[in-house]
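# Tertiary structure, described
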Amino acid sequence: PLAFAETFDARWLREAELKHGRVCMVAAVGFAAQQFVTFPGFTPTPNANEAIYSAEPAGWAALLFLAGFIESSSYGGKITMLDMFEGKRDPGNFEFGSGFLKGKSDKEVYDMKLK
């Protein structure tokens, strides 16, 4: 309705939608898990809402660097919408867990992808 597909590549928009959904799911798990698990160098905080204020700047820098490294390495350095899909990669498909699909028929692969 807002004509985004006329301005942006639809594959890039689909990729962004899938990635944001996955990041939100990991963030929800992290929000709950931080009460029980603490990274080395971080102060344990019983209140999840105060955890962001208890982290040291070096810890923040390490987490931001790690997130940037994961982001750039997952695309092989191709992170713009102009070069992200130069190969035959489908939006949102990082071949993570693709070993489970080897040796299966096309119908079995289709069924597995729907699960």
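You'll find the structure just up there.
Residues numbered from 1 in each chain as written. Predicted model: local features only at pLDDT ≥ 70, side-chain atom pairs only at ≥ 80, totals over all residues. Heavy atoms only, no water.

## Thoughts on unusual backbone geometry
Not every positive phi belongs to a glycine, and Ala-3 is a case in point at roughly 60 degrees. Looking at where Ala-3 falls in the secondary structure, it is placed in the segment before helix H1 (4-7). The exposure class of Ala-3 is partly exposed, given its relative accessible area of 36%. (Helix = DSSP H or I, 4+ residues; strand = E, 2+ residues; numbered from the N terminus. Buried < 20%, exposed > 50% of the residue type's maximum accessible area, 1.4 Å probe, protein only.)

## Digging into the packing of aromatic side chains
Applying the stated criterion to the full structure yields three aromatic pairs. Aromatic side chains Phe-8 and Trp-12 sit 5.7 Å apart centroid to centroid with 35 degrees between the ring planes, which places their arrangement in the tilted category. According to the relative accessible area criterion, Trp-12 is partly exposed, its value standing at 28%. Taken together, the ring pairs in this structure connect Phe-4, Phe-8 and Trp-12 into an aromatic cluster. (Phe/Tyr/Trp six-rings, centres within 6.5 Å; stacked < 30°, edge-to-face > 60°.)

## Some remarks on the pattern of salt bridges
Two side chains that carry opposite charge are able to pair once their charged atoms sit near each other. Summed over all chains, the structure comprises three salt bridges. A salt bridge links Asp-9 to Arg-11; its shortest N-O distance comes to 3.0 Å. By relative accessible area, Asp-9 is classed as partly exposed at 27%. Salt-bridge contacts for Lys-107 lead to Asp-111; the nearest nitrogen and oxygen are separated by 3.2 Å. Pair noted here: Lys-107 and Asp-111 are both in helix H5 (residues 106-114), with a separation of four residues, about one helical turn. Since its relative accessible area comes to 30%, Asp-111 is described here as partly exposed. (Salt bridge = Lys/Arg side-chain N within 4 Å of Asp/Glu carboxyl O.)

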